Amino acid sequence: MFKVAFIGAGSIGFTRNLLRDLLSVPEFHNIEVAFTDINQDYLDMVTHLCQQDIAHNGLNINITKTLNRREAFAGAKYVINCIRQGLLEAFETDVKIPLKYGVDQCVGDTLCAGGIMYGQRTVIELLGICADIREVAEPGCLLLNYSNPNAMVTWACNQFGGVNTIGLCHGVQAGGRLIAEAYDIPADEIDYTCAGINHQTWYIAAQHKGRDLLPGLLAAFEAHERISRCEKVRIDVLRHFGYFSTESNGHLSEYLPWYRKRPDELAKWIDLSDWHHGETGGYLRQCTENRNWFEQDFPNCHTWPRREFEQDQRSCEHGSYIIESLETGRVYRGHFNVVNGSTITNLPSDCVVEVPGYVDANGVHIPHVGELPWGCAAICNASVNVQRLAVLAAVHGDATLLKQAMMLDPLVSAVCNTEEVCRMTDEMLVAGEKWLPQYKDVIAELIAE
């Protein structure tokens, strides 16, 4: 018996899948589950769906749902964080305000102008969440963070929040499936090792039955009809830097200075068959459509398929496997976002890296990686400097550090001069006033001008 609390539990689809993963572990059929969110309607809807899944699988678990997060955290051994601070209202400003200044983003939730400002909202909220975890959760409670910008949030929770936090993402698994597609081999037969920072992690090893897949990877991608059309940015980075990045074409394009700075060249690098190939504001559009569908179709939820709590139905998300290993001792290998220390020797020790890890009953174990290839490390270091400034800005409400982070961001700096960066940042601060309490005085002065 132990307690798991989900915060941001009103997440459409995500919470339901994570709970399915967790309750697919036979030993976990009597755990305590608590959901908390700031939106009563979404909390009610998602709890209803999850409770239906539980009944369908014959379990006797009654989810505690509450708007009071301290009540949800009380006695919890694990907290799973899925919040989107500011919801789609704030997300829209992250995308549309920078676009006025020529900063074109596909996603805008990890780096670039949108990711930096998203971090300002999310970090300050997570510090409050961490304070509640320290006070009311079980001592040593582990925070599993799914919220973006993942590296910034995980960095802040560990350094300033006082809570042991692991950041989790499925980008590594998705990239592994793409390599398998290029070679036309089963994805579960590939053994790979990745290292870097979240959304800029690199496949530094990949094998299939003893065969090294890296030397022929560029040729395999270029020869593949779909991948060569949809993943032009990732292929170009592989061509010039020698290693393949985990993230989608659209994600990667906005973390670098070369692919989205000239509107007349954008079509050269993106494909509109799916939003994650690089569509301008594609993720915002996708999220908006999903939310609208969920709200409109929820009265028909009794017709929606129930989740089956079976091992072969679990997703590739790491969270349930980490908890399973810690509680049962079954060994799990994944890729996790953790404080670097000396894991990757040519990245700063204080940053958050995404690296291989092993979990068992004795804890989470992170092996020594050593040096990243220097070109890959250089790309990561440029982003780490932005992340550090953004985290410090969010924690201290320092608008000067915030603008410095914006100026040093690879894509923003490729498009905007310093005056434009300052104007854009000020406009984003004012637009996000209700989610940025640490900038209260700064925003008041901007409004008064």
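Placed above this text is the structure.
The structure displayed is predicted, hence computed values, not measured ones.

What counts, and where the lines are drawn
- Residues numbered from 1 in each chain as written.
- Predicted model: local features only at pLDDT ≥ 70, side-chain atom pairs only at ≥ 80, totals over all residues.
- Heavy atoms only, no water.
- Helix = DSSP H or I, 4+ residues; strand = E, 2+ residues; numbered from the N terminus.
- Rg over C-alpha atoms; globule rule 2.2 N^0.38 Å.
- Buried < 20%, exposed > 50% of the residue type's maximum accessible area, 1.4 Å probe, protein only.
- Areas by Shrake-Rupley, 256 points an atom, 1.4 Å probe, with all protein chains shown as cover.
- Lys, Arg positive; Asp, Glu negative; His and termini not counted.
- Charge placed at Lys NZ, Arg CZ, Asp CG, Glu CD.
- 1 Å grid on protein atoms, 1.4 Å probe; cavity = no way out; pocket = protein on both sides within 12 Å on 5 of 7 lines; lining within 4 Å.
- Points joined across faces, edges and corners; volume = space filled by probe spheres on them.
- Axes fitted to C-alpha atoms, helices over the stretch in contact; angles between N-to-C directions.
- Parallel < 35°, antiparallel > 145°, perpendicular 65-115°, else oblique.
- Contact = heavy atoms within 4.5 Å.
- Nonpolar A, V, L, I, M, F, W, Y, C, P; charged D, E, K, R; others polar.
- Core = buried A, V, L, I, M, F, W, Y, C linked by side-chain atoms within 4.5 Å.
- Salt bridge = Lys/Arg side-chain N within 4 Å of Asp/Glu carboxyl O.
- Polar contact = N/O pair within 3.5 Å; in protein donor to acceptor, adjacent residues only side chain to side chain.
- Phe/Tyr/Trp six-rings, centres within 6.5 Å; stacked < 30°, edge-to-face > 60°.
- Lys NZ or Arg CZ within 6 Å of the ring centre and 35° of its normal.
- Pairing = 2+ DSSP bridges.

Student: Help me out: how do you make sense of the overall build of the protein in this one?
Tutor: In terms of helices and strands, the protein carries 19 helices and 12 strands. Taken over the C-alpha trace, the protein has a radius of gyration of 21 Å; the compact-globule value for 449 residues is 22 Å, and the two agree within 12%. With respect to the three principal axes, the spread of C-alpha positions in the protein is 65 × 60 × 45 Å. For the protein, the proportion of its 449 residues judged to be buried stands at 58%. A total accessible area of about 17700 Å² is found for the protein, and carbon and sulfur atoms account for 50% of it. In the protein, 36 side chains carry a positive charge and 57 a negative one; their mean positions are 1 Å apart.

Student: Got a minute to help me understand the layout of surface pockets in this structure?
Tutor: Where empty space is left in the structure can be found by rolling a water-sized probe over the atoms. In this model, the second largest pocket occupies a volume close to 320 Å³. Residue lining of the second largest pocket: 14 residues in total, with Gln 173, Tyr 192, Tyr 332, Arg 333 and Gly 334 positioned closest to the centre. Elements with a contribution of two residues or more to the lining of the second largest pocket: α7 (171-183), β7 (190-197) and β10 (332-339). Sort the elements by how many residues they give to the lining of the second largest pocket and β10 lands first, with four residues.

Student: What exactly am I supposed to notice about the packing of helix α18 (residues 418-431) against helix α19 (residues 440-448) here?
Tutor: Between α18 and α19, the shortest axis-to-axis distance is 9 Å and the interhelical angle comes to 105 degrees. Comparing their axes, α19 and α18 come out roughly perpendicular. Every residue of α19 that contacts α18 at Asp 426, Leu 429 and Val 430 is listed here: Val 442, Ile 443, Leu 446 and Ile 447. Partitioned by chemical class, the residues of the contact of α18 with α19 number six nonpolar, no polar and one charged.

Student: When you look at the nonpolar core in this model, what are you seeing that I'm missing?
Tutor: It is characteristic of soluble globular proteins that their nonpolar side chains tend to be buried jointly. Phe 6, Leu 19, Ile 31, Phe 35, Ile 80, Leu 347 and Met 424 are the most contacted members of the largest nonpolar core, which totals 104 residues. No other element matches the 12 residues that helix α15 (residues 374-396) contributes to this core. When residues no more than four places from it in sequence are discounted, the contact partners of Phe 35 are Phe 6, Ala 9, Thr 15, Leu 19, Leu 43, Val 46, Thr 47, Cys 50, Ile 63, Thr 64, Lys 65 and Thr 66. Ranked by size, the runner-up nonpolar core spans 20 residues in total, among them Ile 179, Tyr 183, Leu 213 and Leu 217.

Student: Can you help me understand the pattern of salt bridges in this one?
Tutor: Working definition: two side chains of opposite charge can pair if their charged atoms are close together. With the rule as written, the count across this model stands at 31 salt bridges. Here Lys 100 ties to Glu 427 by a salt bridge, and the two come within 2.5 Å at their closest N and O atoms. Separated by 327 residues along the polypeptide, Lys 100 in helix α4 (residues 87-100) and Glu 427 in helix α18 bring together distant segments of the chain. Overall, the relative accessible area of 60% leaves Lys 100 in the exposed class. With relative accessibility at 26%, the residue Glu 427 sits in the partly exposed group. Among the charged side chains, a network of salt bridges with common partners joins Arg 69, Arg 70, Glu 125, Asp 132 and Glu 135.

Student: Where do I start with helix α1 (residues 14-23) in this structure?
Tutor: One turn of an α-helix holds 3.6 residues; hence residues three or four places apart share an orientation. By the criterion of burial, α1 is predominantly enclosed, with eight of the 10 residues buried. When we look at burial in α1, the residues that qualify are Thr 15, Arg 16, Leu 18, Leu 19, Arg 20, Asp 21, Leu 22 and Leu 23. Residues of α1 that are buried sit in contact with β1 (3-7), β2 (32-36), α2 (40-56), β4 (78-81) and α14 (319-328).

Student: Got a minute to help me understand empty space enclosed by the protein in this structure?
Tutor: Evaluation of the coordinates by the stated rule reveals one cavity of 30 Å³ or more. Taken as a whole, the largest cavity encloses approximately 50 Å³ of empty space. Taken together, Leu 18, Asp 21, Leu 22, Ile 80, Tyr 146, Glu 317, Gly 319, Ser 320 and Ile 323 make up the lining of the largest cavity. When residues of the lining of the largest cavity are traced back to their parent elements, those giving at least two are α1 and α14. Here the lining of the largest cavity is composed, by residue class, of five nonpolar, two polar and two charged.

Student: What is the right way to look at the side chain of Ser 325 in this model?
Tutor: Here Ser 325 lies in helix α14. On the basis of relative accessibility, which here comes to 2%, the residue Ser 325 falls in the buried class. Looking at Ser 325, its side chain comes within polar contact range of the main-chain oxygen of Arg 330, at 2.5 Å. Within polar-contact distance, the side chain of Ser 325 engages the backbone nitrogen of Tyr 332 at 3.4 Å. In contact with Ser 325, other than residues within four places in its own chain, are Arg 330, Val 331, Tyr 332, Val 359, Asp 360 and Ala 361.

Student: Looking at this structure, I do not really get the packing of aromatic side chains. What am I missing?
Tutor: The description of two aromatic rings rests on the distance between their centres and on the angle between their planes. Inspection of every chain in the model, using the stated rule, returns 19 aromatic pairs. Seen in terms of ring centroids, Trp 258 and Tyr 259 are 5.9 Å apart; in terms of plane orientation they differ by 85 degrees. Their pairing is edge-to-face. Trp 258 sits in the partly exposed class, given a relative accessible area of 37%. Taking the relative accessible area as the measure of exposure, Tyr 259 reaches 5% and is therefore buried. An aromatic cluster of at least three residues, connected via ring pairs, comprises Tyr 42, Trp 293, Phe 294, Phe 298 and Trp 304. The ring of Tyr 321 carries Arg 314 above its face, with NZ or CZ at 3.8 Å from the centroid.

Student: What's the story with the pairing of strand β8 (residues 200-208) in this structure? I'm lost.
Tutor: Every other side chain in a regular strand lies on the same face of the sheet, so the side chains alternate between the two faces. Examined bridge by bridge, β7 and β8 share eight bridges and lie antiparallel to one another. Bridge pairing in β8 links Thr 193 to Ala 205. Between β7 and β8, which follow one another and run antiparallel, lie two residues, and His 199 among them has a positive phi close to 70 degrees. Two elements, β8 and strand β9 (residues 211-212), share two bridges in a ladder whose sense is antiparallel. Bridge pairing links His 208 to Arg 211 in β9.

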